Amino acid sequence: MTKDLEFSCSCGKTHWVLKGISAKTAARAKCYCKDCQAFVRHLGKPDYLDTHGGTDLNQASGDKVEFTKGRENVGALKLSPKGITRWHTTCCNTPIANTTGSPRTAFASLVIPPKMDSRVLGPIKAHIFARTTNGAVKENGLWWLGRKFLGRFVRAQLNGSWRRHAFFNDDLSPIAE
């Protein structure tokens, strides 16, 4: 059975939902890359990192995300000119998601807040870029995560759902710069 998982920013001005998710369809991972760490620290949200510097993420298609309140409060930043786009709220600097620079990849990696009841997503099945933990965390699940991404990508290309990406306008431009 699928459910919708509701999110909100720290101040409550911005709300979004991950639609139609279940433990079977979820692609939950913990990322330990330096950029994920820099992103939440830049926003002043170090509590989004676990004790080893990991960020809890769930990868989904962009059409599975919907802003239900405060879309005007969504901001974007890149940590490098060719880096991924990192989305956050401008009202209170809550991290939202990471995407590529194009909706065509049908990719949105939602940041899971530390105190959120995320049981509907099931357990974390991948630990990526764990080399930054100096052996404290074992890297695993990258191939599984890649297969999940590839499946979403192919489906989105075939059915056109990549055009309904929450972080991009109808003309395919980002909703924020």
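Conventions and cut-offs
- Residues numbered from 1 in each chain as written.
- Predicted model: local features only at pLDDT ≥ 70, side-chain atom pairs only at ≥ 80, totals over all residues.
- Heavy atoms only, no water.
- Pairing = 2+ DSSP bridges.
- Helix = DSSP H or I, 4+ residues; strand = E, 2+ residues; numbered from the N terminus.
- Axes fitted to C-alpha atoms, helices over the stretch in contact; angles between N-to-C directions.
- Contact = heavy atoms within 4.5 Å.
- Core = buried A, V, L, I, M, F, W, Y, C linked by side-chain atoms within 4.5 Å.
- Buried < 20%, exposed > 50% of the residue type's maximum accessible area, 1.4 Å probe, protein only.

Participant: What am I meant to see in the sheet that holds strand E6 (residues 74–77) here?
Facilitator: Strand-to-strand pairing in sheets goes through backbone hydrogen bonds, with the strands running parallel or antiparallel. Overall, mixed pairing links the seven strands, which are arranged E6-E7-E8-E9-E4-E3-E10 in an open sheet. The outermost strands of the open sheet, each flanked by one partner alone, are E6 and strand E10 (126–128). When strand polarity is set aside, the average angle formed by the axes of neighbouring strands in this sheet is 30 degrees. Bridge analysis of strand E8 (residues 95–99) against strand E9 (residues 108–111) gives two bridges, and the strand direction is antiparallel. Its bridge partner lying in E9, Asn98 is registered against Ser109. Strand contacts of helix H1 (residues 34–42): strand E3 (28–31), strand E4 (55–60), E6, strand E7 (85–89) and E8, with the helix running at about 25 degrees to E7, the strand carrying the most contacts.

Participant: Can you help me understand the nonpolar core in this one?
Facilitator: Grouped together as the largest cluster of nonpolar side chains are 27 residues, with contacts concentrated most on Leu18 and Phe167. Those elements giving two or more residues to this core turn out to be strand E1 (3–8), strand E2 (15–21), strand E5 (65–69), E6, E8 and E9. Ranked by residue count, the leading element in this core is E2, at three residues. Filtering out sequence-adjacent residues up to four positions away, Phe167 remains in contact with Val65, Phe67, Trp87, Ile96, Ala97, Thr99, Ala108, Ser173, Pro174 and Ile175. Counting residues in each nonpolar core, the second largest holds 17 residues, with Cys31, Val111, Ile128 and Trp144 among its members.

Participant: Which parts of the structure should I look at to understand the sheet that holds E1?
Facilitator: With antiparallel pairing, three strands are arranged side by side in an open sheet as E1-E2-E5. Unpaired on one side and paired on the other, E1 and E5 mark the two borders of the sheet. Neighbour-to-neighbour, the strand axes of this sheet turn through a mean angle of 30 degrees, independent of strand direction. Relative to E5, E2 runs antiparallel, the two sharing four bridges.

Participant: When you look at unusual backbone geometry in this model, what are you seeing that I'm missing?
Facilitator: Most of the time, phi is negative for any residue but glycine, and the peptide bond is trans. Located in the positive-phi region is Asn93, a residue other than glycine, with phi close to 60 degrees. Here Asn93 shows up in the loop between E7 and E8. Positioned with a positive phi, Leu172 is a non-glycine residue whose angle comes to about 75 degrees. In this structure, Leu172 sits in the segment after helix H2 (142–159).

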